[in-house]
Amino acid sequence: MIGVFDSGFGGLTILQNLKKALPDYDFMYLGDNARAPYGSRSFETIYRYTLESVRALFARGCPLVILACNTASAKALRSIQQQVLPFEFPDRRVLGIVRPTAEEIGKFSTTGHIGIFATAGTVSSQSYLIEISHFFPELKVTQHACPMWVPIVECGERGTEGARFFVKKEVEALLAKDPEIDTVLLACTHYPLLEAEIRAALPPQVRLVFQGDIVAAKTVDYLKRHPEMDSRLSKRGGTSFLTSDTAKFFEKGAFLFGMADISAESLTF
């Protein structure tokens, strides 16, 4: 199976894109819901939690794991790739979502000015600024943290007047920092669920870019370039779900992300 990890529910938006792009493949999703959110935690804690989750997916038969979490990708991926895999799991691979996004984002802008909506943890990590500068050094990148957006999604408040107010407030704050922005990246996996509110607040000429589309396309490309990995992946079109919280809690929360009638399994680390 292809393992998909997130600290909570947000990675389900990435999973949905992956399933559309790779409908024949089997996936196993793990949400570390009992310890979410990761954004405010230390680097060491995020690394430890992420590594424990990656090990759990490896143990359940996932030779390839995608960190569908911006915080984990920003703060834990490189250490896992460099310090763990070569010594303990040389035949396994862990991929993130920050670098694939950075490789493509500059292609969407004509003004050379892009904005990024993200959590405070992702913004403070500077990961997007660093990665984007490698591929598009000429881009002007403006980040903006949206602390209310994740709670709005997880509390089922999408479509409400309060949601529209908080989204409009952050959109206006970002554009005030740089009026030349013509492309906005949603660098948090929860944010696509606020698409209607974000589009309503953005000027019509500003393009909205979703990570899920990019990550799915990059994963397809990765498997084409690595047939030795592709041959190890089962292809029965199935999906299983794991959570560090109770199964009932996960199943209820997943419903808000468009995942109805699923069955989850609870695990402990």
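Keep in mind that what you see is a predicted model, and the values were worked out from it rather than measured.

**Q** Provide a residue-level description of the side chain of Thr142, including the pertinent values.
**A** Examined against the element boundaries, Thr142 turns out to sit in strand E6 (residues 140-145). According to the relative accessible area criterion, Thr142 is buried, its value standing at 10%. In this structure, Thr142 is in contact with Ile114, Gly115, Ile116, Leu174, Lys177, Asp178 and Ile181, ignoring residues within four places of it in sequence.

**Q** Give me the lowdown on the sheet that holds strand E10 (residues 264-266), citing residues and values where you can.
**A** Taking strand neighbours across the sheet as the criterion, the 6 strands line up as E4-E3-E1-E2-E9-E10 in an open arrangement whose pairing is parallel. The open sheet has two edge strands, strand E4 (93-95) and E10, and neither has a second partner. Strand-to-strand twist across the sheet, computed as the mean angle between neighbouring axes with direction ignored, equals 20 degrees. Its contacts with the sheet place helix H1 (residues 11-21) against strand E1 (2-6), strand E2 (27-31), strand E3 (64-67) and strand E9 (239-243), and it is angled at close to 175 degrees to E2.

**Q** If you had to explain the layout of surface pockets to someone new, which residues and values would you point to?
**A** Gaps left between atoms are located by rolling a probe of water-molecule size over the structure's atoms. Of the voids in this model, the largest pocket is the one considered here, and its volume is about 670 Å³. Taken together, 27 residues make up the lining of the largest pocket; nearest its centre are Leu77, Gln81, Arg99, Pro100 and Glu131. Listed by contribution, the elements that provide at least two residues to the lining of the largest pocket are helix H3 (70-75), helix H4 (77-88), helix H5 (98-105), helix H7 (127-135) and helix H11 (211-225). Examining the composition of the lining of the largest pocket, we find that 6 residues originate from one element, H11, more than from any other. Around the second largest pocket sit 28 residues that line it, and Pro37, Tyr38, Gly39, Thr119 and Val150 are the ones nearest its centre. Of the residues in the lining of the second largest pocket, the class split is 14 nonpolar, 12 polar and 2 charged.

**Q** Could you give an account of unusual backbone geometry, naming the residues involved and the relevant values?
**A** Trans is the prevailing form of peptide bonds, just as negative phi is the prevailing case for residues other than glycine. The step from Ala36 to Pro37 runs through a cis peptide bond, and the omega angle for that step is 0 degrees. Structurally, Pro37 can be placed in the loop between E2 and helix H2 (43-59). Even without a glycine there, the phi angle at Gln126 is positive, about 65 degrees. One can find Gln126 in the loop between helix H6 (120-125) and H7. Non-glycine residue Asp261 carries a positive phi angle of around 55 degrees. Look at Asp261 and you get exposed, because its relative accessible area is 84%.

**Q** Got a sec to walk through the nonpolar core? Specific residues and values, please.
**A** Of all hydrophobic cores here, the largest spans 51 residues; its most connected members are Ile2, Leu12, Phe117, Trp149, Leu223, Phe241 and Phe250. It is helix H9 (residues 161-177) that provides the largest number of residues to this core, a total of 5 residues. Residues contacting Leu223, with those up to four places away along its chain left out, are Ile2, Leu22, Tyr25, Leu64, Met229, Asp230 and Leu233. Ranked by size, the runner-up nonpolar core spans 27 residues in total, among them Leu57, Leu77, Ile80 and Leu267.

**Q** Which residues make up the environment of Lys169, and what values do they have?
**A** Take Lys169: it is sitting in helix H9. What makes Lys169 partly exposed here is its relative accessible area of 46%. Residues Lys169 and Leu256, 87 residues apart in the sequence, show an inter-C-alpha distance of 23 Å.

**Q** Any details on the side chain of Thr183? Residues and values, ideally.
**A** Relative to the assigned elements, Thr183 resides in strand E7 (residues 183-186). For Thr183, a relative accessible area of 0% translates into the label buried. Polar side-chain contacts of Thr183 include one of 3.3 Å to the backbone oxygen of Phe108. In terms of polar contacts, Thr183 uses its side chain to reach the side chain of Asp182, at 3.1 Å.

**Q** Tell me about the environment of Gly162, and please be specific about residues and values.
**A** Tracing the sequence through the fold places Gly162 in helix H9. For the pair Gly162 and Ile152, spaced 10 residues apart in sequence, the C-alpha to C-alpha distance is 8.6 Å.

**Q** Run through the packing of H5 against H11, naming residues and quoting values.
**A** For the pair H5 and H11, the least separation of the axes is 9 Å and the interaxial angle reads 100 degrees. Here H5 lies roughly perpendicular to H11, going by the angle between them. Here H5 contributes Pro100, Thr101, Glu103 and Glu104 to the contact with H11, which in turn contributes Gln211, Ile214, Val215 and Lys218. Residue classes in the contact of H5 with H11 are distributed as 3 nonpolar, 2 polar and 3 charged.

Rules of the game
- Residues numbered from 1 in each chain as written.
- Predicted model: local features only at pLDDT ≥ 70, side-chain atom pairs only at ≥ 80, totals over all residues.
- Heavy atoms only, no water.
- Helix = DSSP H or I, 4+ residues; strand = E, 2+ residues; numbered from the N terminus.
- Buried < 20%, exposed > 50% of the residue type's maximum accessible area, 1.4 Å probe, protein only.
- Contact = heavy atoms within 4.5 Å.
- Pairing = 2+ DSSP bridges.
- Axes fitted to C-alpha atoms, helices over the stretch in contact; angles between N-to-C directions.
- 1 Å grid on protein atoms, 1.4 Å probe; cavity = no way out; pocket = protein on both sides within 12 Å on 5 of 7 lines; lining within 4 Å.
- Points joined across faces, edges and corners; volume = space filled by probe spheres on them.
- Nonpolar A, V, L, I, M, F, W, Y, C, P; charged D, E, K, R; others polar.
- Core = buried A, V, L, I, M, F, W, Y, C linked by side-chain atoms within 4.5 Å.
- Polar contact = N/O pair within 3.5 Å; in protein donor to acceptor, adjacent residues only side chain to side chain.
- Parallel < 35°, antiparallel > 145°, perpendicular 65-115°, else oblique.

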